[in-house]
Amino acid sequence: MRHFGHLAPEVRQRLFHREPCVFDRDSPARLLSAALGATLYSPATRPRLADDVLKQTGRGVVSMVLCLEDSIGDEDVAAGEENLVRQFADLAGRTDVELPLLFIRVRTPEQIPDLVRRLGTTAELLSGFVFPKFTEERGIPFLEALSGAEAASGRRLFGMPVLETPELMYRESRVDALEGIARAVEKYRSRVLALRLGVTDFCSSYGLRRAPDMTAYDVQIVASVIADVVNMLGRADGTGFTVTGPVWEYFRVPERMFKPMLRHSPFLEGQAVELRERLIEHAMDGLLREISLDHANGLLGKTCIHPSHVPAVHALSVVSHEEYSDAADILRPERGGGGVLRSQYTNKMNEVKPHRAWAERTMLRADVFGVAHEDVSFVDLLAAAIPH
């Protein structure tokens, strides 16, 4: 699979200076964690789930979570498990199709070995599990169950803990909670693909819900949690993990209080005025703003609950030609001694030592999402990626 692989080769050639790389379920964990992109959630009870997976793959989705937790009722869990077994068998029978990275969001640790056993040989299609409401005390049993299921199946399986408990919201318990989570995931570092943020649960602790013309970063109590999670668990010194962005809840806005957050000029230059109107109508201007802030705050990838959000996440994840130029310059072997140099775009100074970690992360993102041509903007990428 590859990002933007659903586009025709001639379209990719027009858009990309350097095309996204090809990867699969067996690629190195570091690459996969960066390549998750827009991870689309779907209830495990959907009767045509196999068809849904293939449909979304054809639209550019490369990672999906099939959910047995909050998206379905307590009384539907057993039916959801049975449906997953049937749908995986259906997918396994379609040998001529490409599948995304598939994860199952479970409720309890016991579900992990039980599902792997029931899936049988079709477990080879599974990339791992998502652990809800992760803390040190709750999380260790999930990670132990994952390791046991991996050994029993002979297949590499990853875990993605969701950080969403009240202990992380409350100031008096936050540091202790994060230190406990750090101990748990460090012990199983090779099995933890990424950490996911459950911002909806964070908001529920205070009876809050962000409006469609506000981002998670405008809700200060939530922004403070994101900052502390990245501070303690997302460091670029080799101890950190990939932390993914929070879910965007809106599809369409009936009424808005504030002006749209998308400037006219990029869309005028790209002759995409109608696209701008569609984005605003469906609350995508807020999503685009939040994705940009995710990147600025050290997050990569995003939880998505609607297919229309996927192209936005992927378009804004592509490395611009300017970013690529700066990163390549910083990482030249002859720059090893440090120093300061003027950007090839002559609009900024690049400090080699302070900017090296940024440059390395940028190059990893360039590998999985590609590098745009110099004259290609996010508007061009978004217009090409949105299904017509």
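Placed above this text is the structure.
Residues numbered from 1 in each chain as written. Predicted model: local features only at pLDDT ≥ 70, side-chain atom pairs only at ≥ 80, totals over all residues. Heavy atoms only, no water.

A.B. asks: So what about the side chain of Gln87? Which residues, and what values?
C.D. replies: By secondary structure assignment, the location of Gln87 is in helix α4 (residues 77-92). Looking at Gln87, its side chain comes within polar contact range of the main-chain oxygen of Pro47, at 2.9 Å. With residues up to four places along the chain from it excluded, the contact list for Gln87 reads Arg46, Pro47, Arg48, Leu49 and Ala50. (Helix = DSSP H or I, 4+ residues; strand = E, 2+ residues; numbered from the N terminus. Polar contact = N/O pair within 3.5 Å; in protein donor to acceptor, adjacent residues only side chain to side chain. Contact = heavy atoms within 4.5 Å.)

A.B. asks: Report on the pattern of salt bridges, specifying residues and quantitative values.
C.D. replies: For the coordinates displayed, the defined rule picks out 31 salt bridges. Across the salt bridge formed by Asp90 and Arg94, the nearest N and O atoms sit 2.8 Å from each other. Counted as one network, the salt bridges with shared partners bring together Glu69, Asp70, Arg105, Lys133, Glu164 and Asp201. (Salt bridge = Lys/Arg side-chain N within 4 Å of Asp/Glu carboxyl O.)

A.B. asks: Explain the sheet that holds strand β6 (residues 158-163) to me, and be specific about the residues and the numbers.
C.D. replies: With parallel pairing, the 8 strands of this closed barrel are ordered in space as β2-β3-β4-β5-β6-β7-β8-β9. On average, each strand axis in the sheet is inclined to that of its neighbour by 30°, with strand direction left out of account. Bridge count between strand β7 (residues 195-197) and strand β8 (residues 243-248): 2 bridges; the pairing is parallel. Looking at the pairing, Arg196 lines up with Thr244 of β8. (Pairing = 2+ DSSP bridges. Axes fitted to C-alpha atoms, helices over the stretch in contact; angles between N-to-C directions.)

A.B. asks: Give a detailed account of the nonpolar core, specifying residues and quantitative values.
C.D. replies: If you look at the biggest cluster of nonpolar residues, it comprises 111 residues, and the most contacted ones within it are Phe88, Phe103, Ile104, Phe129, Leu163, Leu197 and Ile226. When sequence neighbours within four positions are dropped, the list of residues in contact with Phe129 reads Phe103, Ile104, Val106, Ile112, Leu115, Val116, Leu146, Leu157, Phe158, Gly159 and Met160. By size, the runner-up hydrophobic cluster in this structure holds 10 residues, among which are Val319, Ala327, Ile330 and Leu341. (Core = buried A, V, L, I, M, F, W, Y, C linked by side-chain atoms within 4.5 Å. Buried < 20%, exposed > 50% of the residue type's maximum accessible area, 1.4 Å probe, protein only.)

A.B. asks: I'd like to hear about the packing of α4 against helix α5 (residues 111-119), residue by residue, with values.
C.D. replies: Contact pair α4 / α5: the axes reach a minimum separation of 9 Å and the direction vectors enclose 40°. Seen along the crossing, α4 lies across α5 with a hand that is right-handed. Of α5, the residues touching α4 (which contributes Val77, Glu81, Glu82, Leu84, Val85 and Phe88) are Gln111, Leu115, Arg118 and Leu119. Of the residues that constitute the contact of α4 with α5, the class distribution is 6 nonpolar, 1 polar and 3 charged. (Left-handed = near helix turned anticlockwise from the far one by under 90°. Nonpolar A, V, L, I, M, F, W, Y, C, P; charged D, E, K, R; others polar.)

A.B. asks: Explain unusual backbone geometry to me, and be specific about the residues and the numbers.
C.D. replies: In this structure, Lys133 is a non-glycine residue whose phi angle is positive, near 50°. We classify Lys133 as partly exposed; its relative accessible area is 25%. With a phi angle near 55°, Thr346 is a residue other than glycine that sits in the positive phi range.

Everything listed here is a matter of geometry and, on its own, says nothing about what the molecule does.
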